[in-house]
Amino acid sequence: MSIGGSDLDKAIQQLRSCRPIPENQVRELCYKARELLIEEGNVVGVDAPVTICGDIHGQFHDLMELFRVGGDVPDTNYLFMGDFVDRGFYSLESFLLLLCLKVRYPDRITLIRGNHESRQITTVYGFYDECLRKYGSANVWRYCCEVFDYLALGALVTGAATSLSPTDGPLAENTNLDALPSQDEEIEIETLNAAGEIMYRYARNSDSQSSNTSQPNSNPASSSPVQTPSRVGAAGTGATSSANGSSRNDTGAVLCVHGGLSPLIDTIDKIRLLDRKQEVPHEGAMCDLLWSDPDEIDGWGLSPRGAGFLFGADIVKCFNHKNDLSLIARAHQLVMEGFKEMFESTIVTVWSAPNYCYRCGNVAAILELGEDGSNAGYVRRSNGDQGGGGGGWVLGSNVGPNGQATNSNRRLSSVLGESLQQRSRDGPGRRYRVFEAAPQDSRGMPAKKPVADYFL
Amino acid sequence: MSSLNGAPLDTHAPGHDADNSVTRDGFRITTRKLPILKAGPIEEMNQKLGIAPPEMIFGDNLARIEHTSSGWSISFTALDALDRVDKTGDSMLKVSYSKEWQQNRQKQFEDIKEVVKPFDWSYSTDFKGTTAGTPDFQPTETPIPLALLKRPDPILFFDDVMLYEDELADNGIAMLSCKIRVMPARLLLLSRFFMRLDDVVFRIRDTRVFVEFATGEVIREYCAREEKYEVVRKALAGTKEDVLAIMRDPNRLTDYLPVVEKSLAKVVLK
């Protein structure tokens, strides 16, 4: 039987109600998905507008909540940054639904690979067991793993607007009206709750970065969820060099990847050259992209676990500059608030599994990037071409592009100079929608109350 | 530290409305269960401890037994337990594929040598609870009376409190939790640290606190078990059991892990 057209719609309907589809349909679906994914590059080009999502981890009912909050496919374009499976109870339904949507609306939804989309990890963390339990054999798990090998490693979002068109949603309770930027200011960040109410909003030149970092901790008196930083001086005199003009189209692209950067990868083109159609290896560039984490360090560091890299702000800023990026969006790490911007908003972690593992009590977030309306005839830049032409030097080697040996940790900033930070591109306007776990009664979840037992 | 987060950072979780408590014969038992900490409190804890807290840190959670008349108490919190984790990196474990990974990367990036903030990232703790008031625990030979605890006495109060959990970057699991059951005449608390580092090692470290209400006798037993992963895997391979399921379940693993440390202490409260 084939899974085209109306069959596909039926499968989507069935999966939306959290019921698995028959094994032969899974096989057909996975085959179709592979045909589609094989045509995608390692780095998929995506046009704004798009909604970027982090880890899902088989929390099917929360994925439904995500679609409720963010809009349904195909009305909203989605980009999922991997970790669809494991941990939660409904990895199968979650992944198959996303895959069905991908096959049904290939241009509306982008799926990239997370470190859990791997044979080895899924045997340990739940997806394998779940397939076995729901189908009585490992066939479905095997079909899915074959699809995993074809998932792209990253995505490049272009054409995102620098400022948000203001939502005229109502203010959330507790939101301080006076603290919101005035109407004529350019909005860089806006956070909405699941009801679409504005929780807070930052203007572009409001120095949100620096003051916002320290303020919440140093100012415990303020219990309001609105933390609007004070402006430093007049518009245009702040940290950014750009004028406070209306529509600009100088926002760089946004690279989306599950984990982070790799010392083997200094340009996006290097990601494009990898051979991705394999199990996630234990080392090398592909492994790093899916596993590494940003950290408050200088340069590159080794994880104390004995495998894996950590990278600091200088690495991110350099990479973004060299590749004409304004932002890296990644997932991979649980954050209580659903998202976390680091390194002066050059990288953001997006986490989309609320109440992770059904017990963490965290909220989830999705990141909406708007379309740059002023940019109708915009031709997509070929990112990665810039700056990479010369020596093809490897980040992390001791030799810079000019052949000069440079100092280990600081090498990148010293090679490229401090000025690059001034010239770095403005980030896109970012609208975060924050949401909580789906209500308990919408799922067949075990009761929250622990069952008394005669443990010894 | 610069976690620029557009998100609002609450400094503390809301009040004590999550407290559960029961008083029995002069002993007051309290548990508190709240969500994992937000960015602000995590940063505070990071400063206090000098190490990065586990990924899932239930820093507001609590299990406590108080003797109301003497003011003596024993409590279990994530902060105190994590303070017992090695912060130097001397007892640092390595993930199973570390050697392979190191060898492969060394050719290319010999200059990336610095291990970022080394510490025992398996969060192994020998935490036995934090006591307050007098008298202190003294070593004893008196074991916890298991026979009394095996009786199906009614359970008046039960709770299971998670203190922390970390997925060891998908290399296994480390978790510390506290279970407590209160029966009409006595109670048992079990604080269990369970750690599986895939293809490397298993650890179970149990602290049990037993209270006999009528006599005011409190017995604390600490028992640490440990075995290499490969040894356990081989032992389980001979059974017809679901090996992976057992490896996730400390209750079923105890038989496969030999005791490496044990101690007994007692205090009588008047």
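Since this is a predicted model, take the numbers as computed values, not measurements.

**Comments concerning the overall build of chain A**
Right, so step 1: For chain A, the helix and strand inventory stands at 13 helices and 16 strands.
Right, so step 2: Contacts in chain A between residues far apart in sequence, at least 24 positions, make up 75% of those at least 6 positions apart.
Right, so step 3: Entry remark: accessible area of chain A is about 16,800 Å², with carbon and sulfur atoms responsible for 49%.

**A word on the sheet that holds strand β4 (residues 109-111) of chain A**
Backbone hydrogen bonds are what pair the strands of a sheet, in a parallel or an antiparallel way.
Residues and elements named next belong to chain A.
Right, so step 1: Strand order in this open sheet of 7 strands is β4-β3-β2-β15-β16-β6-β7, and the pairing throughout is mixed. The open sheet has two free edges, formed respectively by β4 and β7 (198-203), since each of these has just one partner strand. Taken pair by pair, the neighbouring strands of this sheet meet at an average axis angle of 15 degrees, ignoring direction.
Right, so step 2: In this sheet, strand β15 (residues 364-369) lies alongside strand β2 (residues 50-53) in antiparallel orientation, the contact comprising 4 bridges. Within β15, the residue paired with V50 across the bridge is L369.
Right, so step 3: Contacts between helix α4 (residues 91-104) and the sheet are confined to β3 (78-80) and β4, with β4 contributing the most and set at about 130 degrees to the helix.

**Brief notes about the pairing of strand β16 (residues 430-435) of chain A**
Residues and elements named next belong to chain A.
Right, so step 1: Buried residues dominate β16, accounting for 6 of its 6 residues.
Right, so step 2: Alternating residues of β16 divide into R430, Y432 and V434 and R431, R433 and F435, and every residue in both groups is buried.
Right, so step 3: Sheet topology places strand β6 (residues 187-192) next to β16; 4 bridges connect them, and they run parallel. Within β16, the position partnered with E190 by the bridge is R431.

**A few points about the UniProt feature "domain: Serine/threonine specific protein phosphatases" (unreviewed entry) in chain A**
Right, so step 1: What UniProt calls "domain: Serine/threonine specific protein phosphatases" (unreviewed entry) maps, in this numbering, to residues 112-117 of chain A.
Right, so step 2: The annotated region residues 112-117 of chain A carries 0% helix and 0% strand content, and the separation between its end C-alpha atoms amounts to 9 Å.

**A closer look at helix α2 (residues 23-37) of chain A**
Since there are 3.6 residues in each turn of an α-helix, residues three or four apart along the chain are aligned in direction.
All names here are of chain A.
Right, so step 1: When the terminal C-alpha atoms of α2 are compared, their 21 Å separation across 15 residues agrees well with the 21 Å that a helix rising 1.5 Å per residue should span.
Right, so step 2: Those residues of α2 that sit buried are Q25, V26, L29, C30, A33 and L37. All buried residues of α2 fall inside an arc of 130 degrees around its axis, so they share one side.
Right, so step 3: In this structure, the buried residues of α2 make contact with α1 (5-16), α4, α6 (127-135) and α7 (139-148).

**Observations regarding the nonpolar core**
Where a protein is soluble and globular, its nonpolar side chains tend to be buried together.
Right, so step 1: Grouped together as the largest cluster of nonpolar side chains are 83 residues, with contacts concentrated most on I328(A), I65(B), F76(B), Y164(B) and V218(B).
Right, so step 2: Counting residues in hydrophobic clusters, the runner-up holds 52 residues, among them L15(A), I21(A), V85(A) and V103(A).

**Side note on the sheet that holds strand β9 (residues 293-294) of chain A**
Residue and element names in this part refer to chain A.
Right, so step 1: Pairing is mixed across the open sheet formed by 3 strands, whose spatial order is β9-β11-β10. Only two strands of the sheet have a single neighbouring strand rather than two, namely β9 and β10 (300-302).
Right, so step 2: Looking at chain direction, β9 and strand β11 (residues 309-311) are connected through 2 bridges and run parallel. The residue of β11 that forms the bridge with P294 is F311.

**Quick look at the pattern of salt bridges**
Right, so step 1: All chains considered together, the criterion is met by 44 salt bridges over all chains.
Right, so step 2: Among the ionic pairs, E368(A) bridges to R433(A), the shortest N-O distance being 2.4 Å. You can see E368(A) sitting in strand β15 and its partner R433(A) sitting in strand β16, a full 65 residues away along the chain. Each of the two residues, E368(A) as well as R433(A), counts as buried.
Right, so step 3: Across the salt bridge formed by D153(B) and R151(B), the nearest N and O atoms sit 3.5 Å from each other.
Right, so step 4: Classification of R151(B) by relative accessible area gives partly exposed; the value is 40%.
Right, so step 5: Each member of the salt-bridge network shares a partner with another, and the members are E186(A), E188(A), R204(A), E341(A) and R430(A).

Conventions adopted
Residues numbered from 1 in each chain as written. Chains lettered and ligands numbered in written order. Predicted model: local features only at pLDDT ≥ 70, side-chain atom pairs only at ≥ 80, totals over all residues. Heavy atoms only, no water. Helix = DSSP H or I, 4+ residues; strand = E, 2+ residues; numbered from the N terminus. Contact = heavy atoms within 4.5 Å. Areas by Shrake-Rupley, 256 points an atom, 1.4 Å probe, with all protein chains shown as cover. Pairing = 2+ DSSP bridges. Axes fitted to C-alpha atoms, helices over the stretch in contact; angles between N-to-C directions. Buried < 20%, exposed > 50% of the residue type's maximum accessible area, 1.4 Å probe, protein only. UniProt positions renumbered as here; feature names shortened; annotations may be inferred. Expected span 1.5 Å × (residues − 1). Arc of directions from axis to C-beta. Core = buried A, V, L, I, M, F, W, Y, C linked by side-chain atoms within 4.5 Å. Salt bridge = Lys/Arg side-chain N within 4 Å of Asp/Glu carboxyl O.

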